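A closer look at the structure
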Amino acid sequence: MARPINIQVKQLRELQSAMKRGETCIDPEYVKPIIADALLLMKHKAYELLRRLTKRTPELPPKWEHIEDALVVQQGRSTKIATAFCKVFRKTAPHARWIEWGHKIVGHRPLRKFSGRTTTANPFFRTALDMTRVQMRRHIREGLQHLIGKGFGFGE
């Protein structure tokens, strides 16, 4: 016949409260700023590359913005998933796509014929993503470690 073993857990209430805090520490509202901060690294690198590759024009068509002004980092709106994004708004800066990928040069209206010439692509956004991917992952990992440690009570 086996004897029952009594196991005593000291500070059980503290452990249970730490576990409850840990459950709520990774809510999307706490994780979104970490992801957005990591994307700021990419945004700054894209600025740097864009300034090096292109010139800033003094005049743009109405309702257009310079790419530097249209490049933004925002947190997502979802309350269930932690998201953030870095993008150039296409409505205000449609020329960003032409700089990133290159394009054909066409004539003026009404003929708009293809002249046979193209512009070279000057990728700034994709290059910035490739150059900062490791730093962004490290930033997110360290931010989540700090958040979880603080939530469970051992990162204070």
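A brief look at the structure comes next. (Residues numbered from 1 in each chain as written. Predicted model: local features only at pLDDT ≥ 70, side-chain atom pairs only at ≥ 80, totals over all residues. Heavy atoms only, no water.)

To continue, consider a nonpolar patch on the surface. A cluster of nonpolar residues, Leu12, Leu15, Met19, Ile26, Ile148 and Phe152, forms a patch on the protein surface that exposes about 500 Å² of accessible area. Elements supplying a minimum of two residues to the nonpolar patch: helix 1 (12-24) and helix 5 (125-152). With three residues, the single largest contributor to the nonpolar patch is helix 1. The topology assignment puts Leu15 in helix 1. (Patch = residues over 30% accessible without salt bridge, like charges linked within 9 Å, V, L, I, M, F, W, Y side chains within 5 Å. Areas by Shrake-Rupley, 256 points an atom, 1.4 Å probe, with all protein chains shown as cover. Salt bridge = Lys/Arg side-chain N within 4 Å of Asp/Glu carboxyl O. Helix = DSSP H or I, 4+ residues; strand = E, 2+ residues; numbered from the N terminus.)

Bringing helix 5 into the picture now. If you check helix 5, its first and last C-alpha atoms are 38 Å apart, about what 28 residues at 1.5 Å a residue would give, namely 40 Å. Along helix 5, the sharpest kink reaches roughly 55 degrees, centred on Thr132. Taken as a whole, helix 5 has its buried residues at Ala128, Thr132, Met136, Gly143, Leu147, Gly149 and Gly151. Here the buried face of helix 5 lies against helix 1 and helix 2 (28-53). (Expected span 1.5 Å × (residues − 1). Bend = angle between axes of the 7 residues up to and from the residue. Buried < 20%, exposed > 50% of the residue type's maximum accessible area, 1.4 Å probe, protein only. Contact = heavy atoms within 4.5 Å.)

Among the structural elements, Asp27 can be located in the loop between helix 1 and helix 2. What makes Asp27 partly exposed here is its relative accessible area of 30%. Distance in space between the C-alpha atoms of Asp27 and Lys80 is 7.9 Å, their sequence separation being 53 residues.

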